Amino acid sequence: MNDKIAIIGLGYVGLPLAQEFSKFYKTVGYDIDAVKIKNYKLGIDKYGYLDTKNNLINKNLEFSNSLTDIADCNIYIITVPTPITQSKEPDLSFLFSATNSVMKVLKKGDLVIYESTVYPGCTEEDCVPILEKSKLKYNKDFFCGYSPERINPGDKKNTLTKIIKVTSGSNNTVADRVDKLYKKI
């Protein structure tokens, strides 16, 4: 099977991840921010998320804010922010919104990888029920992987390709698949 990856959320985690995965896979960077998408299509990283310039334009990388453009992907990597509220609770609204978007395009055999920072149990207890609204069953029709983000914003020494990624999956086979996927970058 030829994997096609959708990176959901193109901030300091998602944009470098999309750029790296596009070296090996067809990749779609998806974000709801139309201005950000327009700039990325022009090769402009005005936020400085990438180490070098002009890495955004290549034949394997496209950018979109339309779910239609990620519907043919089979791997979805969610990299949206999970900020803390004033009461020191995690704000999971971005995570749930991204998960709901993926649910709308989820197909049998797809893999959803959570790279956003979440507390233990959040994926299976909070996100999987959203994905199952697609009428697909977890660990039967679709699978989940985990690769907590390890990027320290502003750290130019310990970048995505220089850190050790921690990965796992919803079963042993999926864990191996996620591990092999991330070892390429």
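**Comments concerning the overall build of the protein**
And then number 1: The number of helices and strands found in the protein is 5 helices and 7 strands.
And then number 2: Mapped in sequence order, the helices and strands of the protein form the string β-α-β-α-β-β-α-β-α-β-β-α.
And then number 3: On C-alpha atoms alone, the protein measures out to a radius of gyration of 15 Å, which is about the 16 Å that the 2.2 N^0.38 rule sets for 185 residues.
And then number 4: Taken along its principal axes, the extent of the C-alpha atoms in the protein is 45 × 40 × 30 Å.
And then number 5: Counting the 185 residues in the protein, one finds 50% classified as buried.
And then number 6: In the protein, 67% of the contacts between residues at least 6 apart in sequence involve partners at least 24 apart.
And then number 7: Computing the positive centroid from 26 side-chain charges and the negative centroid from 22, the protein places the two 5 Å apart.

**Topic: the packing of aromatic side chains**
And then number 1: Inspection of the entire model under this criterion finds 5 aromatic pairs.
And then number 2: Centre to centre, the rings of F21 and Y182 are 5.3 Å apart; their planes meet at 80°, and the pair counts as edge-to-face. Placement of F21 in helix α1 (residues 14–21) and of Y182 in helix α5 (residues 172–183) is noted, with a sequence separation of 161 residues between them. Y182 carries the same exposure label as F21, and that label is buried.

**Focus on the sheet that holds strand β7 (residues 168–169)**
And then number 1: Ordered in space as β3-β2-β1-β4-β5-β6-β7, the 7 strands form an open sheet in which the pairing is mixed. Each having just a single partner strand, β3 (61–64) and β7 make up the two edges of the open sheet.
And then number 2: Pairing analysis gives 5 bridges linking strand β1 (residues 4–8) to strand β2 (residues 26–30), with the strands arranged parallel. By the bridge assignment, K4 is partnered in β2 with K26.

**Quick notes on α1**
And then number 1: In terms of residue burial, α1 counts as a mostly covered element, since 8 of its 8 residues are buried.
And then number 2: When we look at burial in α1, the residues that qualify are G14, L15, P16, L17, A18, Q19, E20 and F21.
And then number 3: Against β1, β2, α2 (34–41), β3, β4 (75–78) and α5 lie the buried residues of α1.

Parameters at a glance
Residues numbered from 1 in each chain as written. Predicted model: local features only at pLDDT ≥ 70, side-chain atom pairs only at ≥ 80, totals over all residues. Heavy atoms only, no water. Helix = DSSP H or I, 4+ residues; strand = E, 2+ residues; numbered from the N terminus. Rg over C-alpha atoms; globule rule 2.2 N^0.38 Å. Buried < 20%, exposed > 50% of the residue type's maximum accessible area, 1.4 Å probe, protein only. Contact = heavy atoms within 4.5 Å. Lys, Arg positive; Asp, Glu negative; His and termini not counted. Charge placed at Lys NZ, Arg CZ, Asp CG, Glu CD. Phe/Tyr/Trp six-rings, centres within 6.5 Å; stacked < 30°, edge-to-face > 60°. Pairing = 2+ DSSP bridges.

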